Each structure stands twice: as C-alpha cells, then as structure tokens.
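Listed below are the residues making up each chain.
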Amino acid sequence: MLKSNPTVSRLQPFTSTIFAEMSALAASTGSINLGQGFPDTDGPPAMLAAAQQAIADGVNQYPPGPGIAELRQAIAGQRAAEYRQPFDPDSEVLVTVGATEAIAAAMLGLVESGDEVIALEPFYDSYAAVIAMAGARLVPVRLRPDSSGRFALDPDELAAAVTDRTTVILLNTPHNPTGTVLTAQELEAVAALAISRDLLVVTDEVYEYLTFDAAAHLPIGTLPGMAERTVSISSAGKSFNVTGWKIGWACGPAPLIGAVRAAKQFLTFVGGAPFQPAVALALRDELDWVRGMAKGLQSKRDRLCSGLRDAGFEVTVPQGTYFAVAGIDRLAAPGEDGAAFCRSMPERCGVVAVPQQVFYADAGPDGPGARYIRFAFCKRDQVIDEATDRLASADRRRR
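By the naming in an unreviewed UniProt entry, the protein chain is Pyridoxal phosphate-dependent aminotransferase, taken from Nakamurella aerolata. Under the Cofactor (unreviewed entry) heading, UniProt states for the protein chain: "pyridoxal 5'-phosphate". A UniProt comment under Sequence similarities (unreviewed entry) is attached to the protein chain, and it reads "Belongs to the class-I pyridoxal-phosphate-dependent aminotransferase family."

Written out as structure tokens, the structure reads:
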C-alpha cells in the first residue's frame, strides 16, 4: 500500500520553498514581488546577442561535460585577474547548472553520510536540503547583529561548533539573506580554524561583485593555506542579470573538483549550451557593465531602505547582495511573526516579502528570525517607489 507521504524522511521538510509560495501569492494577488531575488531588467546587450547568435548557429546540443573550453578559460581568467587565483581550466574549473547545483554536487561529492557541515545562519534554503540529501547533519553557526546592526560572525562560536564529525564549512559571502560581507578578520579566523581542524571550505560567492560602500569581497581561497582546501562557487545569474540561464561554476584543486564532477555528472550531466559562450564573452568583456550595475544597486538599496524606514520598519543596511532585512516589531500585531506578517501583506498593501525565519534551523514563530522579513531591491526604481508607498499607506491605515 502506498504511503500517505512517500517522500523520504530526510527530504520531508523541504517539499516546497518559501520562494515558490510567495511568488505564487504575488501572482495570484497582483502584488509587487519584493520577495524572490531576481532583477526586472536584462543583462549586457552583447551577452544577450551572443546567446541568440549561438542558438542561430546551432549550439543547441550537449556541451562537453565540464563545460565548453571557452567558458572554462574565461572563468579561470576572471579568477586570476580579479583575485590572483590560478586555476587550470581543464582540471580545476567545472561548469554547473547554476551555483545551486554546484553546491549540491559539492555536498554529494565531498561529504560522507553522518558527517557534519557547518553553515552560517541564517542560510539560503537549499543548503539544508542538499546537506540532507548527502545524509549529513547541518550545524548552524549564527550571525548576530553587532552594535552597528551588521550581522557579524563570532569566531569563538564557530570554533565551538566543530566536532570530530565536521568535514566542511559551507561559507556564503556576500551573505544572503543578511547582506553581510565577511571582513578579512572574520575570514582569517575561518581559515585558521579550517587549517587547524583539517576542514574543507565550500564557498558560495554568487554576489561577489554586488558589494556596496567600502565593503569588498575577499575569497577565502586566496588566504594562506586555503587554496588546497577550498571549492569556490559562483555564477553568471546575479552578476549579469540572467538568473534564468542557470550557468554556474566551481573552481578548486583538481581532486576536489573531481569529486564535485563525480556527483554533478549524474545530476544534470550538462546544461545551457547556447548560454555558455555568451557567459564566456561577458566574463571577458562585460565586467565594467557589472560594476556599473553594482553602483546602481547601491542606489536602489538606499532607495528601498529609506522607504522601509518611512513605512515604520527597522532596517539593517546591507553591505552587499540584493536584499535588505527589516524588523517588524513596530508594525506587527501582537503575536504576529514574520511568516504571518508576510502572508497578510498582499491583502493589506499589495507587496510580497519573504519571512527571515525560514532561513534558520528553528523556523518557528518564536525562533531567532521571527521578527525579521527580507525585501529584494534588484528592481526598477519605480517598482521600489510604488512598493514603499503601498507599505507606508498600509502602516498609516493600521494606526
């Protein structure tokens, strides 16, 4: 007899994502979607034209398993030029179906069942799912607001989380959802711990170019002793406004990339044939476009944060990414947590956000993220302005 819930137990907590739920809610109510992190403008025209030309030229069949040589060479060139990280494009670079697949393949290829993986909390929702797929245990280490409001890493708390079962630190910086960019001092503490406890580090660096003010992204793989134990993951989606293309990559020493490839080849095998030459062109020729886009995002960040404050939210100004975290204490009804607040927003004001608590291991109404929600500012200025006007009007009505 068929089980009432045939999903294996380790994946039962992950049968749906908050992004699917909130985006569906936005569509069904006609609300402005500031929940899911995708831009509403396109990437550089030359890159888009290159993809169109590739389709017209018949680049529509399976590409090579590791990715086309042109793209792997462009990725290696970008890492060398930007961060002085040397990678052999033939053995140390792997093209994946987005960074999400790269992270999943890294967990499946590098983590044994029963191992422990440390991730910074709050964490992107796929992390817990792919760690569970690997049969491993997620150990969260919480980023906590410091005196300035920045979500900071406590090196002592990180060190205390390591046990004899720990094998990997899954490190995300610039950090989604808090917008924190880890400092050199924080990264040095992570590196020292990884070296002393012989741990691997898998990095999610998809927002590498999207940093603001004085914050700058420093790949941990560039620190002394870290190149041989780090898999660096990034993608084209966030840098070039093509989140739907799903072209990502993993870079690292050949033995580690070999392990990632062993898992990846049985997930999707390959993907995105006509997009690969276009991303190669973008990595070679369009990084100035990316830097200009990042400056524009900083302005959008400021626009959204100002509007959220005017609407009554308590706002943490992010150092990077697409997202701003806002506290709801002044606006929520008694006993109303972030999830309930977000589900009521479309009806109240026609705006969708994402509850921050879903990014914590304890996602309950009394959990550590229950008083925060996350807004995306990677939208056109008029969309941001309309959303914040609606939020302010809803707050005035509540009063």
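A. Region of interest: the UniProt feature "domain: Aminotransferase class I/classII large" (unreviewed entry) in the protein chain. Sequence positions flagged by UniProt for "domain: Aminotransferase class I/classII large" (unreviewed entry) are, in local numbering, residues 32–391. In residues 32–391, helix accounts for 39% and strand for 17%; the two terminal C-alpha atoms are 11 Å from one another.

B. Representation of the pattern of salt bridges in the model. On inspection of all chains with the given rule, the structure shows 24 salt bridges. With a shortest N-O distance of 3.0 Å, glutamate 205 and arginine 79 are connected by a salt bridge. With glutamate 205 in the loop between β8 (200–204) and β9 (230–235) and arginine 79 in helix α3 (residues 69–83), this residue pair connects regions lying 126 residues apart in the sequence. With respect to burial, glutamate 205 and arginine 79 carry one shared label: buried. One salt bridge connects aspartate 385 with arginine 303, and the closest N-O pair in it is separated by 2.7 Å. Taken as a pair, aspartate 385 in helix α13 (residues 381–398) and arginine 303 in helix α11 (residues 287–310) lie far apart in primary sequence, 82 residues in all. Linked through salt bridges whose partners overlap, the residues forming this network are Lys300, Arg303, Asp381 and Asp385.

C. View of the pairing of β8. In terms of residue burial, β8 counts as a mostly covered element, since four of its five residues are buried. In this sheet, β8 lies alongside strand β7 (residues 166–172) in parallel orientation, the contact comprising five bridges. Bridge pairing in β8 places valine 168 opposite leucine 200. Looking at chain direction, β8 and β9 are connected through four bridges and run parallel. Bridge pairing in β9 places aspartate 204 opposite isoleucine 233.

D. Summary view of the sheet that holds strand β15 (residues 372–376). Across the sheet, which stays open at both edges, the four strands sit in the order β11-β12-β15-β14 with antiparallel pairing between neighbours. At either margin of the open sheet sits one strand with a lone partner, and together these are β11 (314–316) and β14 (354–355). With two bridges joining them, β14 and β15 adopt antiparallel strand pairing. Of the residues in β15, the one forming a bridge with proline 355 is isoleucine 373. Against the sheet, helix α12 (residues 338–349) makes contact with β14 and β15, and its axis sits at roughly 45° relative to β15, the strand it touches most.

E. The arrangement of the packing of aromatic side chains in detail. A complete count under the given rule lists ten aromatic pairs for this structure. Relative to tyrosine 372, the ring of phenylalanine 151 has its centre 6.1 Å away and its plane inclined at 70°; by these criteria the two rings are edge-to-face. Within this pair, whereas phenylalanine 151 is found in strand β6 (residues 151–152), its partner tyrosine 372 is found in strand β15, the two being separated by 221 residues in sequence. Residue classification places phenylalanine 151 among the buried positions, given a relative accessible area of 2%. One aromatic cluster in this structure is built from Tyr207, Tyr322 and Phe323. For arginine 348, the ring lying beneath its charged end belongs to phenylalanine 341, and the centroid distance is 4.6 Å. Seen from the ring of phenylalanine 38, lysine 379 lies directly overhead, with NZ or CZ sitting 3.7 Å from the centre.

F. Broad picture of empty space enclosed by the protein. In total, this model carries five cavities of 30 Å³ or more according to the counting rule given. Empty space within the second largest cavity amounts to approximately 50 Å³. Among the residues forming the lining of the second largest cavity, the class breakdown is six nonpolar, five polar and one charged.

G. A look at the side chain of threonine 388. Along the chain, threonine 388 falls in helix α13. Look at threonine 388 and you get buried, because its relative accessible area is 8%. Not counting the four nearest positions on each side in its chain, threonine 388 is found in contact with Leu304, Gly307 and Leu308.

H. Representation of the environment of alanine 102 in the model. Tracing the backbone shows alanine 102 in helix α4 (residues 98–110). Since its relative accessible area comes to 0%, alanine 102 is described here as buried. Those residues in contact with alanine 102, other than ones at most four positions away along the chain, are Thr96, Ile233, Trp249, Ala250 and Val260.

I. Just the sheet that holds β8, in detail. Spatially, seven strands are ordered β2-β10-β9-β8-β7-β3-β4 in an open sheet, and the strand pairing comes out mixed. The sheet terminates laterally at β2 (93–96) and β4 (137–142), the two strands that pair on one side only. The sheet shows a mean angle of 20° between the axes of neighbouring strands, direction not considered.

J. Here's a closer look at the pairing of β15. Across the five residues of β15, four count as buried, placing the element largely inside the fold. Of the strand pairs in this sheet, strand β12 (residues 323–327) and β15 are connected by five bridges, and their pairing is antiparallel. When the bridges of β15 are listed, alanine 324 appears paired with phenylalanine 375.

K. Spatial organisation of the environment of aspartate 366. Within the fold, aspartate 366 resides in the loop between β14 and β15. As a C-alpha pair, aspartate 366 and valine 383 span 17 residues in sequence and 32 Å in three-dimensional space.

L. Molecular detail of the layout of surface pockets. The volume enclosed by the largest pocket comes to roughly 1000 Å³. In this structure, the largest pocket is lined by 42 residues; those nearest its centre are Thr17, Phe19, Tyr124, Asp125 and Ser126. Of all the secondary structure elements, the ones that give two or more residues to the lining of the largest pocket are α1 (18–29), α4, α5 (125–133), α8 (236–239) and α12. Looking at the lining of the largest pocket, the element that brings in the most residues is α5, giving five residues. Per-class residue counts for the lining of the largest pocket are 22 nonpolar, 13 polar and seven charged. The space that makes up the second largest pocket amounts to roughly 160 Å³.

Rules and cut-offs
Residue positions within a chain follow its written sequence, with the count starting from 1. Note on the predicted model: pLDDT of at least 70 is required for a residue's local features to be given, and 80 or more for side-chain atom pairs to be given and counted; whole-chain, interface and lining totals, by contrast, use all residues. With hydrogens and water excluded, all non-hydrogen atoms of the structure serve as input to the side-chain values. UniProt positions are given in the numbering used here, feature names are shortened, and annotations may be inferred rather than shown by experiment. Helix and strand definitions follow DSSP, with helices as H or I runs of at least four residues and strands as E runs of at least two, each counted in order from the N terminus. Each reported salt bridge corresponds to a side-chain nitrogen of Lys or Arg within 4 Å of a carboxyl oxygen of Asp or Glu. Each residue is placed in one exposure class: buried if its accessible area under a 1.4 Å probe, protein chains only, is under 20% of its type's maximum, exposed if it is over 50%, and partly exposed if it falls in between. In short, DSSP must find at least two bridges between two strands for them to pair. The contact criterion used throughout is that any non-hydrogen atoms of two residues lie within 4.5 Å. Angular values range over 0 to 180 degrees, each being the angle between N-to-C directions of two axes fitted as lines to C-alpha atoms, with helices fitted over their stretch in contact. Between rings of Phe, Tyr and Trp, where Trp is taken as its six-membered ring, a pair exists when centres lie within 6.5 Å; planes separated by under 30 degrees are stacked, by over 60 edge-to-face, and by other angles tilted. Two conditions define a charge sitting above a ring: the NZ of Lys or the CZ of Arg must be within 6 Å of the ring centre, and it must be within 35 degrees of the ring normal. Cavity means a closed set of points on a 1 Å grid over the protein atoms alone, one where a 1.4 Å probe fits but cannot get out, pocket means an open set with protein on both sides within 12 Å along at least 5 of 7 lines, and lining means a residue has an atom within 4 Å of a point. Grid points are joined across faces, edges and corners, and a volume is the space filled by probe spheres set on the points. Residues are grouped as follows: nonpolar covers Ala, Val, Leu, Ile, Met, Phe, Trp, Tyr, Cys and Pro; charged covers Asp, Glu, Lys and Arg; every other residue, Gly included, is treated as polar.

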